[in-house]
Amino acid sequence: VLVAKLYGAVALGLGLGLLVNAGYYKKAFVAMLKDKTYLFSSGIFTLVIGVLLVAYHNVWEASWVVIITIVGWAALLKGALLLVWPGFAGLFESWFKNMSFLYFVGALSLILGGVLSYYGWMM
């Protein structure tokens, strides 16, 4: 429930930010993809978060809690990839330059954040 509250708030903030100010995020994401220090520290941080989520919440059931498990495994995979093969992040540069993609991610993040916030705070 705590993870749902935390991730829900972050996803809501990111989703709103992307929908309201996609141009800013477009520039920020492209700059981050070129910053080796960011990629390295992001890889470590994301791997740690992924390992913690998988170690303490590896719940595969047909309910909303599986969202946390999927986020954990995705974070673990992303963190490992950023540390082993940092160049993989550059494969997504064209995606982050596409405003339609940013709006899609913003809407998806808003929905995910809303669902997690609802279950985290109301259940």
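Placed above this text is the structure.
None of these values were measured; they are calculated from a predicted model.

*Asks:* What is the right way to read the overall build of the protein chain from this model?
*Replies:* The helix and strand tally for the protein chain stands at 6 helices and 0 strands. Element order for the protein chain, N to C, with α for helix and β for strand: α-α-α-α-α-α. Counting only C-alpha atoms and orienting by the principal axes, one finds that the protein chain spans roughly 40 × 35 × 20 Å. Taken over 123 residues, the protein chain has a buried fraction of 31%. Excluding contacts between residues fewer than 6 apart, the proportion of contacts in the protein chain whose partners are at least 24 apart in sequence is 71%.

*Asks:* I keep staring at helix H2 (residues 22–34) and nothing clicks. Help me out?
*Replies:* Because each turn of an α-helix spans 3.6 residues, side chains separated by three or four positions end up pointing in the same direction. For H2, with 13 residues, the first-to-last C-alpha span of 19 Å sits near the 18 Å given by 1.5 Å per residue. For H2, every residue scored as buried is listed here: Ala22, Ala28, Phe29, Val30 and Leu33. Here the buried face of H2 lies against helix H1 (2–20), helix H3 (36–56), helix H5 (93–96) and helix H6 (99–122).

*Asks:* Help me out: how do you make sense of a nonpolar patch on the surface in this one?
*Replies:* A grouping of Phe40, Ile44, Phe45, Val48, Ile49, Leu52, Tyr56, Leu83, Val84, Trp85 and Leu91 is seen on the molecular surface, where their side chains present a nonpolar patch of about 1,200 Å² in accessible area. For the nonpolar patch, the elements supplying multiple residues, two or more each, are H3 and helix H4 (66–84). Examining the composition of the nonpolar patch, we find that 7 residues originate from one element, H3, more than from any other. Among the secondary structure elements, Phe45 is positioned in helix H3.

*Asks:* In this structure, what is going on with the nonpolar core? I would like to understand it.
*Replies:* A general tendency of soluble globular proteins is for nonpolar side chains to be buried together. One finds Ala4, Leu53, Trp64, Val65, Ile68, Val71 and Leu116 forming the largest nonpolar core, which totals 7 residues. Excluding residues that lie within four positions of it along the chain, Ala4 makes contacts with Trp64, Ile68, Leu116, Ser117 and Gly120.

Here is what the cut-offs are and how they apply
- Residues numbered from 1 in each chain as written.
- Predicted model: local features only at pLDDT ≥ 70, side-chain atom pairs only at ≥ 80, totals over all residues.
- Heavy atoms only, no water.
- Helix = DSSP H or I, 4+ residues; strand = E, 2+ residues; numbered from the N terminus.
- Buried < 20%, exposed > 50% of the residue type's maximum accessible area, 1.4 Å probe, protein only.
- Contact = heavy atoms within 4.5 Å.
- Expected span 1.5 Å × (residues − 1).
- Patch = residues over 30% accessible without salt bridge, like charges linked within 9 Å, V, L, I, M, F, W, Y side chains within 5 Å.
- Areas by Shrake-Rupley, 256 points an atom, 1.4 Å probe, with all protein chains shown as cover.
- Salt bridge = Lys/Arg side-chain N within 4 Å of Asp/Glu carboxyl O.
- Core = buried A, V, L, I, M, F, W, Y, C linked by side-chain atoms within 4.5 Å.

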